[in-house]
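Observations on the model geometry
Letter by letter, the chains look like this.
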Amino acid sequence: VYEGHNQKGRKRMIPTPMIVAVVVVVWAVLFVIFMILGRKRKNAERSFIESNKDKALLHLYCRKIKIDGQKLSSLPHITGQNLQQIAALPSGKHSLEGIFQSTELAGMKTRNVESEKLSFELSLEAGHNYTAAMYFYSSEERKEYYKGNVGKVIAEIPLSLLPESANPKAYVIVYQED
């Protein structure tokens, strides 16, 4: 129960059920707002993918992105429903630059891990979806774990992390998803 003072200096009590009701109403309103935003993002992503079927779609889980020396903002792109950046690119060789990041679980703690700025070349084909992200297991380990249910490996870059990391190795892997 919250105690406050009225104008005459007397204490007044706000009943606990009222506080709970206010919290529930605020939570419900925020829940609806975020559901609407999520649905809007999902529809925008679907529309972007549909209108760029004739291009290579590169899903990027990184920041400070440059493709072919240009900032991502100057290229056709959208933020996907998983907050990844999706760039629509023509077929051919492309240079990709970015800082890749992921989260590792170390016991009961989570730790954000990021790479140095990486640059590498990719060959992409129109009409396909690609994913570039940081993983804590090699493509072979992931293929074995997921019983072969992973995309075709286009590029794999091994990284070394800090020795105190739960996983001293990480990989930036680019998969062709379809």
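The structure this text deals with has already been given above.
Notes on the structure follow. Being a predicted model, the structure only gives us computed values, none of them experimental.

1. A word on the pairing of strand β8 (residues 92-106)
- Here strand β4 (residues 62-67) runs beside β8; their pairing, made up of four bridges, is antiparallel. Following the sheet pairing, cysteine 62 is matched in β8 by phenylalanine 100.
- The sheet contact formed by β8 and strand β9 (residues 109-124) spans 14 bridges and is antiparallel. Following the sheet pairing, leucine 96 is matched in β9 by phenylalanine 120.
- Counted along the chain from β8 to the antiparallel partner β9, the turn is two residues long, and its residue glycine 107 has a positive phi close to 70°.

2. Focus: the environment of alanine 170
- As for its position among the elements, alanine 170 is in strand β12 (residues 169-176).
- Note: C-alpha distance between alanine 170 and isoleucine 157 (13 residues apart in sequence) is 8.6 Å.

3. Looking at the sheet that holds strand β10 (residues 129-135)
- One open sheet accounts for six strands, arranged β6-β7-β3-β10-β12-β11; its pairing is mixed. One side of each edge strand has no neighbouring strand; the edge strands of this open sheet are β6 (77-79) and β11 (152-160). Averaged over neighbouring strand pairs, the angle between their axes works out to 15° when direction is ignored.
- Relative to strand β7 (residues 85-89), strand β3 (residues 56-60) runs antiparallel, the two sharing five bridges. Paired with leucine 57 across the two strands is alanine 88, which belongs to β7.
- Docked against the sheet, helix α1 (residues 16-51) engages β3, β6 and β7, running at close to 155° with respect to β6.

What counts, and at which threshold
- Residues numbered from 1 in each chain as written.
- Predicted model: local features only at pLDDT ≥ 70, side-chain atom pairs only at ≥ 80, totals over all residues.
- Heavy atoms only, no water.
- Pairing = 2+ DSSP bridges.
- Helix = DSSP H or I, 4+ residues; strand = E, 2+ residues; numbered from the N terminus.
- Axes fitted to C-alpha atoms, helices over the stretch in contact; angles between N-to-C directions.
- Contact = heavy atoms within 4.5 Å.

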